[in-house]
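Examining the three-dimensional arrangement
Letter by letter, the chains look like this.
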Amino acid sequence: MSVAALRRAATESVSGLPRAFWWLWTSTLVNRLGAFVATYTALYLTLERGYSASYAGLVAALHGLGGVVSSLGAGVMADRLGRRPTLLLAQTSTAASVALLGFMEHPVAIAAVAGLVGMTSNASRPAVQAMMADIVRPEDRVRAFSLNYWAINLGFAISSAGAGLVAEYSYLAGFLGEAALTLVCAVVVFVKLPESRPERTATADLAEPAISLGTVLRDGRYMGVVGLSFLLALIFMQSSVALPVAMGMDGWSPSDYGFVIALNGVLIVALQIPVTRLIEHRDPQRLLVVSALLAGYGFGLTAFAGSLGVYALTVVVWTLAEIVNSPTQMGLVVRLSPAHGRGRYQGVHTLSWSAAALLAPLMAGYVIDHFGAAWLWASCAVVGTVAALGYWLLMRGLTDGPGVSAEQASPSAGPVQPAPTAEPVATVSVPAASAPGASVPGEPSCGGGTGAEIRIGTKTGTRTGTEPEAEAGTGTEAGTGPKAGTGTGAGNAAAVGKTAV
């Protein structure tokens, strides 16, 4: 590929996204550049403080538990207080708790503050994801989430090397450095990012009832996606939980593990953007099924690894799964989330990863100790297969074609009777179809997709006919009266019980 072609591809990959997104992206990158605690806490506790590996594991579990606790609360805050206040509170609290952790010496105090760090650091995720969905057009969301994930891995790759050098000099400097960079993120949010939470209107109240955590938990299809996300998170967590242990048991050194796992970050930085250009307009059902199988069998192949080359090959396989799954999964999550409930929906989704971070070490340790590492890798293959089947079943009815309304499904319906009075209009969005070559999944009736929109209400006067008037259009349309329309455009319709993919 020529230099001009590469330049054109890079330009197309980053063009068309709003300025607010790039400030949010910058905040993510800066935050990951200071990711010291997540990387070096175990070494800090065992080497610097002299605590046992069991105690280090307990602290890691409490850190994960803090994330579980904050996921739901932060999602509610993002919807009630707004994305921007939630981000400010989370990032300033994270900076304070990380700095405090560096000065703790008593084991109980260290464990307690580690749980607080897990709680505060995880609280920003629902707000970041909800804000990204608010400010980016539906057709650009997969690309935006991909770029954000790329920033996470780029920052983590740089911070891992830098934090190692800092740790040789002073662990305390690492804690304080992360606190300082997190404060920089808070400043960026405060200065550059406006509030993006959609304002509720009378029409929106009719079209989209009030969202509570109970609403999210009763959303069967969405909770199915959260459950599948949890299964995949259990698999991906084994890269930092079980893989180093298994390689050590096979006689490989920590530097060998470091070489193998470094491929993950290198591949994501190198391939995330070009791969996203290839997949962003393809059927999300197929992408999620394939990524689940690649994840499961990528880790499953580790059972046959007898050389560093084979270990590296397994990392390549499941890294490709990660590259495909992350932006596609986030696009699906946003698609299923009502606009005024995105914080809560994103909070529940974040909970799946927090719970996996808590349970994955326990699961891996138990299976390895009682059955051996080969059984763990075989279990990953089984879990990946179950997740792939789950995605296929959940999305099977959502890729067959545009949603069909009750009126459209009954062409023999009788004439429409006169409406005595005009009533408020409610809008129901019916899910759009996703197919290879179709646009990126976004909101129903949004740009790049094909959807059906039903306007429910009454109209003064008398009109007869056997079926509702059909009309092709662009975006959304105000009006009253029984009317169905299909079309494409950049419009954004409010939805009731949104279960589209």
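Each remark here, short or long, concerns the structure printed above.
Let me sum up the structure you'll find in this document.

Bringing helix α6 (residues 107–122) into the picture now. With 16 residues, α6 ought to run about 22 Å at 1.5 Å a step, and its terminal C-alpha atoms sit 23 Å apart, in line with that. Listed as buried for α6 are Ile-110, Ala-111, Val-113, Ala-114, Gly-115, Val-117, Gly-118, Thr-120 and Asn-122.

Packed helices, taken two at a time, are described by their axes: the angle between them and the distance between them. With their axes 8 Å apart at the nearest point, helix α7 (residues 124–135) and helix α17 (residues 342–370) run at an angle of 130° to one another. As summarised for this structure, α7 and α17 are arranged oblique, according to the angle between their axes. Like other packed secondary-structure pairs, α7 and α17 cross with a definite hand, here right-handed. Counting all contacts with α7, which are made through Arg-125, Pro-126, Gln-129, Ala-130, Ala-133 and Asp-134, the residues of α17 involved are Arg-342, Gly-343, Gln-346, Gly-347 and Thr-350. In terms of residue class, the contact of α7 with α17 is made up of three nonpolar, five polar and three charged.

So, about a nonpolar patch on the surface. On the surface, a nonpolar cluster with roughly 310 Å² of combined accessible area is contributed by Leu-65, Val-69, Leu-116 and Met-119. Mapped onto the secondary structure, Leu-65 falls in helix α4 (residues 53–80). A relative accessible area of 38% means that Leu-65 is categorised as partly exposed.

Generally speaking, soluble globular proteins have nonpolar side chains that are buried together. Core analysis: the largest hydrophobic core is formed by 42 residues, its most contacted members being Tyr-222, Leu-232, Trp-377 and Tyr-391. Going through the elements one at a time, α12 (220–241), α13 (243–249), α14 (254–279), α15 (284–300), α16 (308–335), α17 and α18 (373–395) are the ones with two or more residues in this core. Beyond its immediate stretch of four places on either side in the chain, Leu-232 contacts Ala-292, Ala-295, Asn-325, Ala-387 and Tyr-391. If you look at the next biggest cluster of nonpolar residues, it comprises 25 residues, including Leu-87, Met-131, Val-136 and Phe-145.

Below, the discussion takes up the environment of Leu-217. Positionally, Leu-217 belongs in helix α11 (residues 213–218). Linking Leu-217 and Tyr-345, residues 128 residues apart in sequence, is a C-alpha distance of 9.0 Å.

In this model, helix α9 (residues 171–192) (22 residues) spans 32 Å end to end at C-alpha, consistent with the 32 Å of a helix rising 1.5 Å per residue. The complete set of buried residues in α9 reads Tyr-171, Gly-174, Phe-175, Glu-178, Ala-179, Thr-182, Cys-185, Ala-186, Val-188 and Val-189.

Cut-offs used in this document
Counting starts from 1 at the beginning of each chain's written sequence and moves along it residue by residue. Restriction of local features to residues with pLDDT of at least 70 applies here, the model being predicted, together with a cutoff of 80 or more for giving and counting side-chain atom pairs; totals for whole chains, interfaces and linings are based on all residues. Just so you know, side-chain values use all the structure's heavy atoms and leave hydrogens and water out. Only DSSP runs of H or I reaching four residues or more are called helices, and only runs of E reaching two or more are called strands; each is numbered from the N terminus. Each residue after the first adds 1.5 Å to the expected span of a helix. Classification of residues uses two cut-offs on accessible area relative to the type maximum, computed with a 1.4 Å probe and protein chains only: under 20% is buried, over 50% is exposed, and between them is partly exposed. For helices, the fitted axis covers only the stretch in contact; all axes are lines through C-alpha atoms, and the angles between them, taken along N-to-C directions, range from 0 to 180 degrees. These descriptions rest on fixed angle ranges, namely under 35 degrees for roughly parallel, over 145 for roughly antiparallel, 65 to 115 for roughly perpendicular, and the rest for oblique. Definitions for this section: a left-handed crossing has its near helix turned counterclockwise from the far helix by less than a right angle. A right-handed crossing has that turn clockwise. Every residue pair with non-hydrogen atoms within 4.5 Å of one another is taken to be in contact. Residues are grouped as follows: nonpolar covers Ala, Val, Leu, Ile, Met, Phe, Trp, Tyr, Cys and Pro; charged covers Asp, Glu, Lys and Arg; every other residue, Gly included, is treated as polar. Here the term patch refers to residues with relative accessible area over 30% and no salt bridge, with like charges joined within 9 Å and nonpolar side chains (Val, Leu, Ile, Met, Phe, Trp, Tyr) within 5 Å. Each accessible area is a Shrake-Rupley estimate made with a 1.4 Å probe; only the visible protein chains count as cover when residues are assessed. The salt bridge definition used is simple: a Lys or Arg side-chain nitrogen within 4 Å of an Asp or Glu carboxyl oxygen. The criterion is simple. A nonpolar core is a set of buried Ala, Val, Leu, Ile, Met, Phe, Trp, Tyr and Cys residues joined through side-chain atoms within 4.5 Å.

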